Each structure stands twice: as structure tokens, then as C-alpha cells.
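# Residue-level structural notes
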Amino acid sequence: MQIFALAGRLTRAVNPCVAATLMVSTGSVTNADGTQTPTYTPLPVQVEVQALAGEDLQQVQGLARQADRRVVYVPATVHALNRPLQCGGDILQFYGADWLVTQSLEQWGEGEWSKVLVTRQNSPVA
């Protein structure tokens, strides 16, 4: 069942989806000087972007930093950085900026959709 698509039809009038690129982390390559460069696979997606609600703020109390953050619903499995599992570090590109996935708030099904917290990494391009 395509729950993300069904919900999108209902919410589109109030909060339309935004075209984005999901940069799925695929690990990194080791350069000749020993430094590592992260690698990504780009995936075009339509996302729903929202401000943080009260319950979302409670979930991120440990991340009490000054930053531009949003909650994003993505029709895919998206991962925040998880060093012990050696996965994640995905980036969403929308509103002319890179947004690092800093926390996974919810996931539904196998790749159906994810609700993630993102933090802006750079300013929008003018």
C-alpha cells in the first residue's frame, strides 16, 4: 500500500511536496593521502517539509543546538549516521541547500517512507 502517496494527495493543498535529491550514502573512498571522501548515489524524490512540532522537539532534546532544522517525510528508507552499524549519513538537497539527516524519527515498511530530522549544512544559493 502506498501510504505516502495517499497521504500526499490529502495534504498537498496545505503543504505541497517539494522536489529534492536524496543523496544516499554509499560509504567512502580512501584517497592517496589517506583521507576519506564520502560517496553518494543521487535519487530524485518528492518530499514533504515541515517545521518541528512539539513532539519532535521532545525527541531531539539531546540535540539542543542552534541550527536550521526541519522534519521531512521521504518516500524511501533514509538513514542518519550510525557509526556502530557503519551506515547512514544521507543528505537531502532542497531549498537550494544540503540538509544532513541527523535523526530518524519514524520509518514505515520496507522503503515505504521515513520521517527524518534534517539540519541545514549550508546557506541557500542566491
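As the structure is a computational prediction, the values presented were derived from the model and not from experiment.

Residue placement: Ser114 occurs in strand β6 (residues 113–120). Separated by 2.7 Å, the side chain of Ser114 and the backbone oxygen of Ala76 make a polar contact. Setting aside residues up to four positions removed in sequence, Ser114 forms contacts with Val72, Tyr73, Val74, Ala76, Thr77, Val78, Glu106 and Gln107.

Of note in this structure, Tyr95 is not a glycine but carries a positive phi near 50 degrees. Position of Tyr95 relative to the elements: it lies in the loop between β4 (91–94) and β5 (97–108).

What follows deals with the pairing of strand β3 (residues 69–74). Most of β3 is tucked away, with five of its six residues classed as buried. Strand direction decides the pairing type here: strand β2 (residues 36–50) and β3, joined by three bridges, are antiparallel. Counted as the bridge partner of Glu48 is Tyr73 from β3. Here β3 runs beside β6; their pairing, made up of six bridges, is antiparallel. Within β6, the position partnered with Val74 by the bridge is Ser114.

A word on the sheet that holds β5. Strand order in the closed barrel made by the six strands is β1-β2-β3-β6-β5-β4, with antiparallel pairing throughout. Direction aside, the axes of adjacent strands within the sheet are offset by 45 degrees on average.

So, about the packing of aromatic side chains. Under the criterion given, the structure shown has three aromatic pairs. Aromatic pair Tyr73 and Trp113: ring centres 5.9 Å apart, planes at 50 degrees, arrangement tilted. Taken together, the positions of Tyr73 in strand β3 and Trp113 in strand β6 put the pair 40 residues apart, joining distant regions of the chain. The burial state of Tyr73 is the same as that of Trp113; both residues are buried. An angle of 5 degrees between the planes, with centres 5.0 Å apart, marks the rings of Phe94 and Trp99 as stacked. Phe94 sits in the buried class, given a relative accessible area of 2%. Residue classification places Trp99 among the buried positions, given a relative accessible area of 0%. One aromatic cluster in this structure is built from Phe94, Tyr95 and Trp99.

Cut-offs and rules
- Residues numbered from 1 in each chain as written.
- Predicted model: local features only at pLDDT ≥ 70, side-chain atom pairs only at ≥ 80, totals over all residues.
- Heavy atoms only, no water.
- Helix = DSSP H or I, 4+ residues; strand = E, 2+ residues; numbered from the N terminus.
- Polar contact = N/O pair within 3.5 Å; in protein donor to acceptor, adjacent residues only side chain to side chain.
- Contact = heavy atoms within 4.5 Å.
- Buried < 20%, exposed > 50% of the residue type's maximum accessible area, 1.4 Å probe, protein only.
- Pairing = 2+ DSSP bridges.
- Axes fitted to C-alpha atoms, helices over the stretch in contact; angles between N-to-C directions.
- Phe/Tyr/Trp six-rings, centres within 6.5 Å; stacked < 30°, edge-to-face > 60°.

Purely spatial values, then, with no claim about function.
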